[in-house]
Structure formats: structure tokens, C-alpha cells
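Chain by chain, the residues run as shown.
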Amino acid sequence: MRKFDDLSEREILALAISNEEEDARIFADFADGLHDDYPASAKVFDEMAAEENGHRRRLIDLFVSKFGDHIPLVRRDHIRGYIPQKPVWHQRPLGFDLVRTHARAMERAAARFYRQALTRTTDASTRKLLGDLAEEEEKHDQIAAGLEEEILTPAAKRNEDENERRRFILQVIQPGLVGLMDGSVSTLAPVFAAAFATHNSWNAFVVGLAASIGAGISMGFAEALADDGKLSGRGAPLLRGLVCGLMTTAGGIGHTLPFLIPEFYTAMAVAFVVVVFELLAISYVQWRYMDTPPVAAAAKVMIGGALVLAAGILIGSS
């Protein structure tokens, strides 16, 4: 690998051309990744890609006039000291805040490159172009802000915010709620059946721990294998399965942990209190994200939980 200080003026211009071409493609990738969910934001990055292509053409014109038609392939990863960029543009779905932060880091790096390149050249025309490009890269944040203000109208921003909320509900809240409900409700019966059958806190804890972990694994796989998210828009199966599995386990562990208390009736009382808070938490999530009326949400969850709890107590007491 070569050091930046060892590059000739010809090689510096070739590296600048390569950098601008790569940055333009990255911005175009950003636009492509945002197109479906953030169409207005995608236009911002289309404009930024066009800006970078304009820089590339100016650099090529200067290179051809000074060194001829052949431009050697000099890339960032050929130069010692460059830090490889994380492939954020490969992620799907893309978030606008994520790519905007990455884009600003790219612009700062580009401006820094041109400032350093100025110190390695003596030709007046080359220094002028590199200086102009450095100033333009430093102003790109303002250009991007202006484009966002022009393209991201309040109506477009509201639409994108609503799409973001919908994706968050489909990909995180919904599988998490399903898991929490299953873990909190379905494990009530085995835990309290074991507790009333043995009147031993440790036995109830072991049964609850096994039921919670087993249910978490089962629900995680079931959610991950339910669909690939392409048609339903529910996102990556792995993420949904992980969220669902963890929330299922958490829902069961909540009313299992009190049985670590050695005194049986104290453990039972604390577990009952925890169950009430778990059911209230489920009702809150349904009301907050699923637009379920609070009274209806609480009534349905409480009735379902009470029936499962009663079944466990009856079976354990028989």
C-alpha cells in the first residue's frame, strides 16, 4: 500500500476521481434503499449523487487536459491510513437518520481529503479545482439541509413518519406483544399448578423457568418461520423471531422469579402481584400501539389471564 504523501499529482487526481465516483454510487444506493419507505428523502440523495457526479466530471476534464485519456485506477483501499467504510447502504430497510449521519461523515472525509491534496500539488489549475471542491464538500451539509427543506414538505415528512411507525409496530411491537402475551399468560398454568401441587417455591421456580425458556424458543422459531416479511412488510424474520422469543421468555420469567423466595405463601403473594402488573403492561401496549380501547384491552387480557391462572390452580390443587 502507498502512503498518501508519496502520491504524485496525477495519482492524487485519479484517487479524487475514484472517490467521487464511489461516493456518487453510495448516495445512489442510499436513494434506492429509501425509495420505497421514504420517497421524498430518496430524492435528497439522488440530488447529492448528481452533485458528486458533477465533481467527477470536472476532475476528469482537468486530468485529461494535463495527463491524457488514461486514468489509473487508484482507490481508497490502496492508500495506507484510509479507514474502510461500513456498508450501511447494504442494510434493508434503511433509516433516514442513519444514512444522513453516514452521508455527513462522507462529506467531511471528502473535504479533509481535498484539503490534504492541496498540500501535495503545485499546479495552479489543480490547486484551484481541489480548493473549490473542498469548499463545496464542506457546504454540502447546507445543500442537503436546503434540499430536505425543499423536498421534505410537512406532508411528506408526516407520511414518512407514519410509515416508520407502521414498520416499527409490524416488526417490533407486534411480535413482541405476541411473545409477551404468550409468555405471561400461557406459563401461568404450569407455574401455579406446580406451586399448588407441591407447596414448594423451588419446584414452582424450576417449572416456571423451564416453561418460560421452552416457550421462548418455540415462539421465536414460530415467528421467524411464519413468513419472510416480503409480502406482509413485517421485516426480517430473524429480528421478529428474536424479539418474540425474548419477550415470551421475559413474560414467563416475571411471575417465576418470585418463587425464589423460600417462604411459599410470601412467594405466592408476590407472584400474584407480578401477574397483575404483567397483564396491565400488555393492556397498555395494546392501547398505546394497537389502538385498542383501554377498558376493552384490560378486560380481555384480565379475563384470559384469570382463566389460565384458575386452570393452573385447580389442576395443582386436585
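Above this note sits the structure.
Novice: Is there a simple way to explain the packing of helix α7 (residues 201-226) against helix α8 (residues 237-254) in this structure?
Specialist: Each pair of packed helices can be described by the angle between their axes along with the distance between the axes. For the pair α7 and α8, interaxial distance at closest approach is 7 Å and the crossing angle is 160°. As the angle between them shows, α7 and α8 are arranged roughly antiparallel. Where α7 crosses over α8, the two elements pack in a sense that is right-handed. In this structure, α7 uses L209, S212, I213, A215, G216, M219, G220, E223, A224 and A226 to contact α8, whose residues at the interface are P237, R240, G241, C244, G245, T248, T249, G252 and I253. When its residues are assigned to classes, the contact of α7 with α8 shows nine nonpolar, eight polar and two charged.

Novice: It is not clear to me how α8 should be interpreted in this structure. Could you clarify?
Specialist: Working note: α-helix, 3.6 residues per turn, so residues spaced by three or four point in the same direction. Taking 1.5 Å of rise per residue, 18 residues should cover 26 Å, and α8 covers 26 Å from first to last C-alpha, within 8% of that figure. Residues R240, G241, V243, C244, G245, T248, G251 and G252 constitute the buried set of α8.

Novice: I keep staring at the packing of helix α6 (residues 188-198) against α7 and nothing clicks. Help me out?
Specialist: Orientation of α6 relative to α7, taken along the N-to-C sense of each, is 160°, at an axis distance of 8 Å. Taken together, the axis directions place α6 and α7 in an arrangement best described as roughly antiparallel. The interaxial crossing formed by α6 with α7 has right-handed handedness. Taking contact as the criterion, the partners of P190, V191, A194, A195 and T198 in α6 are, on α7, N203, A204, V207, G208 and A211. Here the residues of the contact of α6 with α7 sort into seven nonpolar, three polar and no charged.

Novice: Before we go on, may I ask you to explain the side chain of Q286 in this structure?
Specialist: Inspection of the secondary structure puts Q286 in helix α9 (residues 264-290). Among all residues touching Q286, those that are not within four sequence positions of it are L177, M181, D291, T292, A297 and V301.

Novice: When you look at unusual backbone geometry in this model, what are you seeing that I'm missing?
Specialist: Most of the time, phi is negative for any residue but glycine, and the peptide bond is trans. Phi is positive for H199, close to 50°, though the residue is something other than glycine. Within the secondary structure layout, H199 lies in the loop between α6 and α7.

Novice: Mind showing me how you'd approach the nonpolar core here?
Specialist: Considering soluble globular proteins, one finds that nonpolar side chains tend to be buried as a cluster. F192, A195, F259, M268, L279 and I282 are the most contacted members of the largest nonpolar core, which has 22 residues in total. A per-element tally of this core places α9 first, with eight residues. Residues within four places of F192 in sequence aside, it is in contact with F259, M268, A271, F272, V275, L309, G312 and I313. Listed in part, the 21 residues of the second largest apolar core include A14, F63, L133 and A134.

Novice: Sorry if this is basic, but what is going on with the environment of S318 here?
Specialist: Topologically, S318 is positioned in the segment after α10 (294-317). Note: C-alpha distance between S318 and A193 (125 residues apart in sequence) is 9.4 Å.

Novice: What is the right way to look at the packing of aromatic side chains in this model?
Specialist: Working definition: an aromatic ring pair is given by the centre-to-centre distance plus the angle between the planes. Under the counting rule described, the total for this entry stands at eleven aromatic pairs. Pairing F63 with F67 gives two aromatic rings, centres 5.3 Å apart and planes at 50°, and the pair type is tilted. In this pair, F63 and F67 both sit in helix α2 (residues 39-67), four residues apart, roughly one turn of the helix. F63 sits in the buried class, given a relative accessible area of 0%. Aromatic pair F192 and F272: ring centres 5.2 Å apart, planes at 35°, arrangement tilted. Placement of the pair is F192 in helix α6 and F272 in helix α9, with a sequence separation of 80 residues. Classification of F192 by relative accessible area gives buried; the value is 0%. Residue classification places F272 among the partly exposed residues on the basis of a relative accessible area of 28%. Members of the aromatic cluster, each reached through a chain of ring pairs, are F4, F113 and Y114.

About the criteria used
Residues numbered from 1 in each chain as written. Predicted model: local features only at pLDDT ≥ 70, side-chain atom pairs only at ≥ 80, totals over all residues. Heavy atoms only, no water. Axes fitted to C-alpha atoms, helices over the stretch in contact; angles between N-to-C directions. Helix = DSSP H or I, 4+ residues; strand = E, 2+ residues; numbered from the N terminus. Parallel < 35°, antiparallel > 145°, perpendicular 65-115°, else oblique. Left-handed = near helix turned anticlockwise from the far one by under 90°. Contact = heavy atoms within 4.5 Å. Nonpolar A, V, L, I, M, F, W, Y, C, P; charged D, E, K, R; others polar. Expected span 1.5 Å × (residues − 1). Buried < 20%, exposed > 50% of the residue type's maximum accessible area, 1.4 Å probe, protein only. Core = buried A, V, L, I, M, F, W, Y, C linked by side-chain atoms within 4.5 Å. Phe/Tyr/Trp six-rings, centres within 6.5 Å; stacked < 30°, edge-to-face > 60°.

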